Amino acid sequence: MTDSTKIRAKIGIIGGSGLYQMEALQDVQEIQIETPFGSPSDDLIVGKLSGAQVAFLARHGRGHHLMPSDIPFRANIYALKQLGVEYLISASAVGSLKAEIKPRDLVISHQFIDRTKHRLSTFFGDGIVAHIGFGHPVCAQLSQVLAEAIESLDLPDLTLHKQGTYLCMEGPAFSTQAESELYRSWGATVIGMTNIPEAKLAREAEIAYASLNLVTDYDCWHPDHDHVSVEMILDNLHHNAENAQKVIQETVGRLHENPPVSEAHSALKYAIVTRPEFMPEATRKKLGLLVDKYLQK
Ligand SMILES: CSC[C@H]1O[C@H](OP(=O)(O)O)[C@H](O)[C@@H]1O
Ligand SMILES: Nc1ncnc2[nH]cnc12
């Protein structure tokens, strides 16, 4: 284990189901980080990838022991912020809600619908109030870098959908057929259980966020396909794992060479409502990493 205080990484990667490590990472250090919001899902793995210093975190833990509702999303994002992460690539397995989006395709989601019920999706409260803008919930520039990286790789048999609406459900049970049809009628593209808290917290932490979705199934609405199961998801992820690693590696290289300007990096500028003299000292201290830059004269 390494002392975390000196280690920095500008690019973060969160790996979801089936993506528990980055194989090409070099000079790897495993870091145990504590945050004011508790411990993250696992140790952070920091190392060099495509010339950049990156921090990798397995969202469910490396042994996949955390259910979506039990993932410490606040600690995860705060820990990445503590390391200096400014760009975050989040990889997730998703079900498809549209016929033309097939298992093993990739989707870069640009919108979300929140159907979660038991998640803590804000750092604020305890006397400090902030309302971030979330109309465009991902960073368009980072998503563009991701799309260009995928296209440049020209991977055989890989179809990319550059936009999509990710419906985030609570889980852990998969949807009923009636729910799946309802989400289709809402125009949702893919379904998963993890991206909403992450995207909101990343925005509050002024980290640019992009959502890379690996399609694994047709959920339970498609008349010609079996209903989703963990076996089906893992089988398709297994086939896509190599592509996912290559895509992330290429994206990191491009980000390192040419880090884009992102509105996410100033998301809190006009979001904090509480007057500084009314802020409880303990909360201000807890949120210092996020708010201090806007409170100091
Ligand atoms: C293992 S099947 C369901 C599980 O897979 C997805 O995880 P992630 O978003 O972390 O890739 C989905 O959201 C569920 O958590
Ligand atoms: N059909 C589905 N529903 C929810 N999360 C998923 N992750 C992968 N496939 C899924």
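The shown structure was predicted, so the numbers you read here are calculated from the model rather than taken from an experiment.

What counts as what
- Residues numbered from 1 in each chain as written.
- Chains lettered and ligands numbered in written order.
- Predicted model: local features only at pLDDT ≥ 70, side-chain atom pairs only at ≥ 80, totals over all residues.
- Heavy atoms only, no water.
- UniProt positions renumbered as here; feature names shortened; annotations may be inferred.
- Helix = DSSP H or I, 4+ residues; strand = E, 2+ residues; numbered from the N terminus.
- Buried < 20%, exposed > 50% of the residue type's maximum accessible area, 1.4 Å probe, protein only.
- Near = heavy atom within 4 Å.
- Polar contact = N/O pair within 3.5 Å; in protein donor to acceptor, adjacent residues only side chain to side chain.
- Areas by Shrake-Rupley, 256 points an atom, 1.4 Å probe, with all protein chains shown as cover.
- Nonpolar A, V, L, I, M, F, W, Y, C, P; charged D, E, K, R; others polar.
- Core = buried A, V, L, I, M, F, W, Y, C linked by side-chain atoms within 4.5 Å.
- Contact = heavy atoms within 4.5 Å.
- pLDDT = per-residue confidence, 0-100.

**Considering the UniProt feature "binding site: phosphate" (unreviewed entry) in the protein**
- In the UniProt entry, the feature "binding site: phosphate" (unreviewed entry) is given for S17, R59, H60, S92, A93 and T194. A compact arrangement is adopted by the annotated residues: their sequence extent is 178 residues, whereas the largest C-alpha distance between any two is 12.2 Å.
- Along the chain, R59 falls in the loop between β4 (52-58) and α1 (73-82).
- Since its relative accessible area comes to 1%, R59 is described here as buried.
- Structurally, T194 can be placed in the loop between β10 (190-192) and α4 (195-204).

**As for the site of ligand 2**
- Among the 13 residues in the neighbourhood of ligand 2, the closest are listed as A93, G95, D217, D219 and I233.
- G95 places a main-chain nitrogen or oxygen 3.2 Å from a nitrogen atom of ligand 2.
- The contact in question runs from a nitrogen atom of ligand 2 to an N or O atom on the side chain of D219, over 2.8 Å.
- Contact with the protein chains covers 95% of the free accessible surface of ligand 2, which is 260 Å².
- Of all the secondary structure elements, the ones that give two or more residues to the shell around ligand 2 are β5 (87-96), β10 and β11 (208-217).
- Element by element, the count of residues in the shell around ligand 2 is highest for β5, at three residues.
- Across the shell around ligand 2, the residue classes tally to eight nonpolar, three polar and two charged.

**Thoughts on the nonpolar core**
- Of all hydrophobic cores here, the largest spans 49 residues; its most connected members are I77 and F123.
- Breaking this core down by element, the ones donating at least two residues are β3 (44-49), β4, α1, β5, β9 (165-169), α4, β11 and α7 (288-295).
- Counting residues per element, this core draws most heavily on α1, which supplies five residues.
- When near neighbours in sequence (up to four residues on either side) are disregarded, F123 contacts F37, R74, I77, Y78, L201, E204, A205, L287 and L290.
- In terms of nonpolar packing, the next biggest core, distinct from the first, is built from 39 residues, L25, V54, L106 and L255 among them.

**Focus on the environment of L214**
- Mapped onto the elements of the fold, L214 is located in strand β11.
- Residues L214 and V230, 16 residues apart in the sequence, show an inter-C-alpha distance of 14 Å.
- Setting aside residues up to four positions removed in sequence, L214 forms contacts with A91, S92, A93, V94, D105, L106, L237, N240 and A244.

**Quick word on α4**
- Taking burial as the measure, the 10 residues of α4 include nine buried ones, the bulk of the element.
- Where α4 terminates, the next one or two residues include E206, which has phi positive at roughly 60°.

**Here we look at the confidence of the model for the protein**
- Here the protein averages 96 in pLDDT, and 98% of its residues register 70 or above.
- Predicted as a complex, the structure gets a pTM of 0.97 and an ipTM equal to 0.99.

**Quick look at α1**
- Where burial is concerned, most of α1 is hidden: eight out of the 10 residues are buried.
- Along α1, the positions that sit buried rather than exposed are F73, A75, N76, I77, Y78, A79, L80 and K81.
- Phi turns positive, to about 95°, at G84, one or two residues after α1.

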